[in-house]
Amino acid sequence: MAEKGLVLAGGGARGSYQVGVYKALEELGWRPQVITGTSVGCLNGALFVQDSWQSACDMWLSIDDSEVMRLPSSDHPAQVAEFLADTVKNGGLDVAPLEQLVDRMLDEQAVRRAPIRFGLVTVNLTDRCPEELALEEIPQGQLKSYLLASASFFPGFRPRDIDGKTFIDGGYTDNMPTALAARLGAQELICVDVDGVGIQRRNTTGLPTLTIQSHWPMGPLMRFDPQQARRNIALCYWDTYRAFDKVLGTAYTLPAAEQAALNRVFTAPYAAHMRRVLRTNPPLALTEGLAVERFGPTRSHELAPLELACELAGVNPARSYTAQELAAAFLEHWPAQKALRFEALLEEEPALALKEAALAAAQPAEFVAAMVWRALTGSGLC
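Residues numbered from 1 in each chain as written. Predicted model: local features only at pLDDT ≥ 70, side-chain atom pairs only at ≥ 80, totals over all residues. Heavy atoms only, no water.

Caption draft 1: Seen up close, the nonpolar core. Ranked by internal contacts, the top residues of the largest apolar core, which has 103 residues, are Leu6, Phe118, Phe330 and Met371. When residues in this core are grouped by element, the largest group, 9 residues, is from helix H16 (residues 364–377). Discounting chain neighbours no more than four positions away, the residues touching Met371 are Tyr270, His273, Met274, Val277, Phe342, Leu345 and Leu346. Residues Val34, Met176, Ala181 and Ala186 belong to the second largest nonpolar core, which totals 12 residues. (Core = buried A, V, L, I, M, F, W, Y, C linked by side-chain atoms within 4.5 Å. Buried < 20%, exposed > 50% of the residue type's maximum accessible area, 1.4 Å probe, protein only. Helix = DSSP H or I, 4+ residues; strand = E, 2+ residues; numbered from the N terminus. Contact = heavy atoms within 4.5 Å.)

Caption draft 2: Structural detail: the layout of surface pockets. In this structure, the largest pocket occupies an estimated 420 Å³ of space. Looking at the largest pocket, it is lined by 31 residues, and the ones nearest its centre are Gly12, Ser39, Val40, Leu43 and Ala151. The set of elements that each furnish at least two residues to the lining of the largest pocket consists of helix H2 (40–49), helix H3 (53–60) and helix H5 (96–105). If you tally residues by element for the lining of the largest pocket, the top one is H2, at 5 residues. Its volume calculated, the second largest pocket comes out at about 320 Å³. Along the walls of the second largest pocket sit 13 residues, with Gln213, Ser214, His215, Arg242 and Thr250 positioned nearest its centre. Of all the secondary-structure elements, those providing two or more residues to the lining of the second largest pocket are strand E8 (209–212) and helix H9 (226–243). Class assignment for the residues of the lining of the second largest pocket results in 4 nonpolar, 6 polar and 3 charged. (1 Å grid on protein atoms, 1.4 Å probe; cavity = no way out; pocket = protein on both sides within 12 Å on 5 of 7 lines; lining within 4 Å. Points joined across faces, edges and corners; volume = space filled by probe spheres on them. Nonpolar A, V, L, I, M, F, W, Y, C, P; charged D, E, K, R; others polar.)

Caption draft 3: Layout of the packing of aromatic side chains. Per the counting criterion, the structure on display carries 11 aromatic pairs. Pairing Trp60 with Phe224 gives two aromatic rings, centres 6.2 Å apart and planes at 20°, and the pair type is stacked. Of this pair, Trp60 sits in helix H3 while Phe224 is found in the loop between E8 and H9, placing the two residues 164 residues apart along the sequence. Exposure class is identical for Trp60 and Phe224. Each is buried. With centroids separated by 5.9 Å and ring planes inclined at 20°, the aromatic side chains of Phe330 and Trp334 adopt a geometry described as stacked. The pair Phe330 / Trp334 is uniform in exposure class, with both members buried. In this structure an aromatic cluster arises from ring pairing among Trp216, Tyr252 and Tyr321. The aromatic ring of Trp216 is capped on one face by Arg231, whose charged end is 5.5 Å from the ring centroid. Over the ring of Tyr321 we find Arg319; its NZ or CZ atom is 3.9 Å from the centre of that ring. (Phe/Tyr/Trp six-rings, centres within 6.5 Å; stacked < 30°, edge-to-face > 60°. Lys NZ or Arg CZ within 6 Å of the ring centre and 35° of its normal.)

Below is the structure:
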């Protein structure tokens, strides 16, 4: 059986997203023999290696900025100025709170005893060279220091000194260490991308690789917020199932068993109404296509209009829906008056509608949402 490698990219507070992948992979029976990571990815990876997924989850759902970095004690201008001067003088923010957090969470001996091979990436600023380190290449008792070195996002965070040498964030050399995973014996890879800042080298391993990433923004890089973390964890959990083709959807999630219901509730009525619209207003096919293209890469062209409409309406993506539930959620969030701006195109047999066609060309996503609203309200949901 091929050795499996999990590769976790750096990305600051967006690292909460990676917590969702590990739970989903366990449920799917995909257990890595190798884990590599950069920056926050290696911090998460170490917790996964020591079998502390629940602790990692609890941590992300409780920490805020003050538990990662020292911040001004007040917003008084004099104190803020003193804080900024100290930050510049010392080459970045003081991450003593993060050190204390790693102290509480990390069990170095558990990581070393684990059957999972582990590696991380940092940059040796003193010697001007990258360091891709397997666990056994890290001296006993220094795993915490190398983890923090990999996550020293200079100049945001202060560099890390180890044995008289200065280290900074591994994202400066390889934010997605696939080559290190291959060196540790991985023969197939899952890479979890959190849209971090850094150098992401092309994967030249030649290994079968599955990349998990979000359609949705995951929040600011340096804002540690439990509510955003909860959303990110749920998004990655479902994105992992999506990557394994176990669910439907690109931005929203439906069980695969909902395909027939989806066809009945949305796909068939939407396609039928669009055919009627395009008979008299054929240029609107380009308008619909433009809206779907702006939505982004999609796994299902037939489902994309409903997903686009739900995104525009602000429907929560961090859960799973039945076809009926997703349709109802859109209708709940999308007022009828917004659809009625395209009133002439909502008729059972739409006529040529130059005014509405012009509005659709100016607002293609809103046009598609109106057509989705028409398809759903015409299917007996409302």
